[in-house]
Amino acid sequence: GNMFGAHASTSWCDTEGGWTGNGECFIFSIKPNMEIFHSTGENEHFQMLSCDSLAMGGKQGSYGLELHSDLKSGSYNGSIETFNTIRLPSRSTFEIGHVEVWGLGPEPDEKIERAKNKPRLANWKIRDGTVDMQDL
């Protein structure tokens with residue numbers, strides 16, 4: 001089977017529909033080919049966590065890599081602006097055979113991490129011009 005994953009630059013928390021993380025995040029593939037998909041700098045849609053899924057890159061309904069909350073299935077999209085082209089399995093959905101989560105450094109204090117985390121939400125206040133809803 002295929003083997004792939006992601007590196008998250010910041011602690012995970014409910015992002016309340018917004019995004020967290022930074023350009024140190026990346027998605028990677030080990031099988032069938034070893035590749036790393038770094039940030040393009042096009043947007044800051046790095047890490048999103050909700051009660052439904054954990055996702056990296058892309059936008060709602062079209063995430064770069066998404067694990068559904070049951071951790072039994074997921075999806076990906078190779079056509080996103082957040083990370084360089086993602087070449088993962090030929091199908092856009094997949095079943096999960098095994099999940100590993102690694103943390104580096106000392107165990108974080110949940111209260112401190114929540115206080116530090118400020119999810120980036122869409123800015124609905126515009127002064128002049130129009131807003132393209134697909135960009136939010």
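Since this is a predicted model, take the numbers as computed values, not measurements.

Visitor: In this structure, what is going on with the overall build of the chain? I would like to understand it.
Guide: Looking only at helices and strands, the chain features one helix and eight strands. In sequence order, the chain lays out its α and β elements as β-β-β-β-β-β-β-β-α. Considering only contacts within the chain whose residues lie at least 6 apart along the sequence, 52% involve residues at least 24 apart. For the chain, the accessible surface area stands at approximately 9500 Å², while carbon and sulfur atoms represent 50% of it.

Visitor: What is the right way to read the side chain of Thr 82 from this model?
Guide: Within the secondary structure, Thr 82 is located in the loop between strand 7 (73–76) and strand 8 (93–95). With sequence-adjacent residues up to four places away left out, Thr 82 is seen in contact with His 38, Ser 39, Thr 40, Gly 41, Asn 43, His 45, Phe 46, Gly 57 and Gly 58.

Visitor: Explanation requested: the packing of aromatic side chains in the structure shown.
Guide: The geometry of an aromatic ring pair comes down to the distance between the two centres and the angle between the two planes. The tally for this structure, following the rule as stated, stands at four aromatic pairs. For the pair Phe 4 and Phe 94, a centre-to-centre distance of 5.0 Å together with 85° between the ring planes defines the contact as edge-to-face. Of this pair, Phe 4 sits in strand 1 (residues 3–7) while Phe 94 sits in strand 8; the two residues are 90 residues apart in sequence, bridging distant segments of the chain. You can call Phe 94 buried: its relative accessible area is 11%.

Visitor: Is there a simple way to think about the pairing of strand 2 (residues 26–31) in this case?
Guide: Regular strands place their side chains on alternate faces of the sheet. Where strand 1 lies against strand 2, five bridges are found, and the strand directions are antiparallel. Paired with Gly 5 across the strands is Phe 28, a residue of strand 2. Of the pairings in the sheet, the one linking strand 2 to strand 3 (residues 35–37) comprises three bridges and is antiparallel in character. Bridge pairing links Phe 28 to Ile 36 in strand 3. What sits between strand 2 and strand 3 in their antiparallel hairpin is a turn of three residues.

Visitor: I would appreciate a short explanation of the confidence of the model for the chain in the present structure.
Guide: For any part of a model where pLDDT is low, the fine detail of the predicted coordinates should not be relied upon. When the pLDDT values of the chain are averaged, the result is 83; 84% of them are 70 or greater. Taken element by element, the predicted model of the chain shows its lowest mean pLDDT in helix 1 (residues 110–116) (79) and its highest in strand 5 (residues 53–59) (93).

Visitor: What should I look at first to understand the environment of Arg 114 in this one?
Guide: As for its placement among the helices and strands, Arg 114 is situated in helix 1. Put simply, Arg 114 and Cys 13 are 101 residues apart on the chain and 7.2 Å apart in space, counted from C-alpha to C-alpha.

Visitor: Which parts of the structure should I look at to understand the sheet that holds strand 2?
Guide: The pairing of strands in a sheet comes from backbone hydrogen bonds and takes either a parallel or an antiparallel form. Taken in spatial order, the three strands of this open sheet run 1-2-3, and their pairing is antiparallel. Strands at the two margins of the open sheet, each flanked by one partner only, are strand 1 and strand 3. Between one strand axis and the next, the sheet turns through 20° on average, direction left out of account.

Visitor: Hey, could you run me through the sheet that holds strand 5 in this one?
Guide: The sheet built from five strands is open, its strands ordered 4-5-6-7-8 with antiparallel pairing. Strands with a single pairing partner mark the edges of an open sheet, and in this sheet they are strand 4 (48–49) and strand 8. Note that strand 6 (residues 62–68) and strand 7 share three bridges and pair antiparallel. Note that in strand 7 the partner of Glu 66 across the bridge is Ser 75.

Visitor: Whenever I open this one, the environment of Gly 57 confuses me. Can you help?
Guide: Looking at the secondary structure, you find Gly 57 in strand 5. Judged by relative accessible area, which is 0%, Gly 57 ranks as buried. Taking C-alpha positions, Gly 57 is 8.2 Å from Glu 44, a pair spaced 13 residues apart along the chain. Not counting residues within four places of it along the chain, the set of residues in contact with Gly 57 comprises Trp 19, His 45, Phe 46, Ser 62, Tyr 63, Gly 64, Ile 80, Thr 82 and Phe 83.

The rules behind the values
Residues numbered from 1 in each chain as written. Predicted model: local features only at pLDDT ≥ 70, side-chain atom pairs only at ≥ 80, totals over all residues. Heavy atoms only, no water. Helix = DSSP H or I, 4+ residues; strand = E, 2+ residues; numbered from the N terminus. Contact = heavy atoms within 4.5 Å. Areas by Shrake-Rupley, 256 points an atom, 1.4 Å probe, with all protein chains shown as cover. Phe/Tyr/Trp six-rings, centres within 6.5 Å; stacked < 30°, edge-to-face > 60°. Buried < 20%, exposed > 50% of the residue type's maximum accessible area, 1.4 Å probe, protein only. Pairing = 2+ DSSP bridges. pLDDT = per-residue confidence, 0-100. Axes fitted to C-alpha atoms, helices over the stretch in contact; angles between N-to-C directions.

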